[in-house]
Amino acid sequence: MNHLFVDNLTVIDFAYLDATRGLVGESWIVDVVLGGELDDQGMVFDFSNVKRTIKRVIDERVDHRLVIPQGYSGFEWHETEPESFLWHLVDGTKITHRSPDEAVVWLSADRVVPSAVARLLEHELRTVLPANVTDVEIYLREDVIEGAYYHYVHGLKKHLGNCQRIAHGHRSPIRIDRNGFRDRDLENRWAKLWQDIYVGSEEDVTQRWVAEDGTAYVTFEYEANQGEFALTLPESRVYMLDSDTTVELIAAHIAEQLKAEFPDDVIRVKAYEGVGKGAIANRGLSPRD
């Protein structure tokens, strides 16, 4: 058997539900290995078709979606309301979610791990690849990050693409400079503050309430061109912004918070949105302002 590999084919930015961590934002790099017989061109699969076919399937199937492990014992879903579900966390709190079906991925597992998602993608790819390709292997891995990072989830109702989905996320590094020097203490502080956090927009809040056990909850709802979205989760797992939650506005918010804390300093925030992309915000006097 002949093999073809493609490293760093794409990055999938998505969210998933975990029994302990709750709603988790994630970014996984995708590597692909294809095995099979050579075709008439002497190839297993034409590289020019890799992105056109394989990347498209992977992006459409998982990217910017919420992955739900149906095998988890704390998951509740009713056939009469397929667009809604209830997720019980081990600490006794809960998360509810409602969206069009295209915004979620139903995973036949009790938890979300790279191998389970890879199996799902391998199954999908086998249905679209030519007959000479008899083996498909997907490898999902985290980016190697030097320094602080956080996992965040958000939704951008004004976005015309898949970012409008209320629960998609990223695993993101952050770099903070004060007066031209990297401040790792501040990076670590924000990484801890935003560890497994939902970054919500105040204008999307439709309800705040307190359960009988004393847990404060917040509900976000909005309508976008893909349909109606709603999400309720413990307020302790939310960080609120007075603006939308694009990465540009996230970087600006962090920079403004730090500028208020250090008014005499020059602040530069480089906030990532997943792997290799993001936004930069500067506050204070500097040659590039």
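Draft legend 1. A look at the packing of helix α1 (residues 47-61) against helix α2 (residues 114-126). At a minimum axis separation of 10 Å, α1 and α2 run at an interaxial angle of 130°. Overall, the two elements α1 and α2 adopt an arrangement that is oblique. Once α1 is placed against α2, the crossing between them reads as right-handed. Residues I54, V57, I58 and R61 of α1 touch α2, and the partners they reach there are L120, L121, E124 and L125.

Draft legend 2. Spatial organisation of the environment of K270. Considering the arrangement of structural elements, one finds K270 in strand β17 (residues 267-272). Taking the relative accessible area as the measure of exposure, K270 reaches 30% and is therefore partly exposed. Taking C-alpha positions, K270 is 28 Å from L231, a pair spaced 39 residues apart along the chain. If near-sequence neighbours (up to four positions away) are discounted, K270 is found in contact with P173, I174, R175, A279 and I280. One polar contact links K270 to Y272, side chain to side chain, over a distance of 3.5 Å.

Draft legend 3. Summary view of unusual backbone geometry. Although it is not a glycine, H64 adopts a positive phi angle of roughly 60°. On the secondary structure map, H64 appears in the loop between α1 and β3 (66-69).

Draft legend 4. Geometry of the pattern of salt bridges. Tallied over the entire structure, the rule returns 23 salt bridges. With a shortest N-O distance of 3.3 Å, R237 and D91 are connected by a salt bridge. Of the two residues, R237 is situated in the loop between β15 (227-234) and β16 (238-241) and D91 in the loop between β5 (84-88) and β6 (94-98); the sequence distance between them amounts to 146 residues. Judged by its relative accessible area of 48%, D91 falls in the partly exposed class. Residue R175 pairs with D177 through a salt bridge whose shortest N-O separation is 3.0 Å. One connected set of salt bridges, linked through shared partners, spans K157, K158, E203, D204 and D244.

Basis of the calculations
Residues numbered from 1 in each chain as written. Predicted model: local features only at pLDDT ≥ 70, side-chain atom pairs only at ≥ 80, totals over all residues. Heavy atoms only, no water. Axes fitted to C-alpha atoms, helices over the stretch in contact; angles between N-to-C directions. Helix = DSSP H or I, 4+ residues; strand = E, 2+ residues; numbered from the N terminus. Parallel < 35°, antiparallel > 145°, perpendicular 65-115°, else oblique. Left-handed = near helix turned anticlockwise from the far one by under 90°. Contact = heavy atoms within 4.5 Å. Buried < 20%, exposed > 50% of the residue type's maximum accessible area, 1.4 Å probe, protein only. Polar contact = N/O pair within 3.5 Å; in protein donor to acceptor, adjacent residues only side chain to side chain. Salt bridge = Lys/Arg side-chain N within 4 Å of Asp/Glu carboxyl O.

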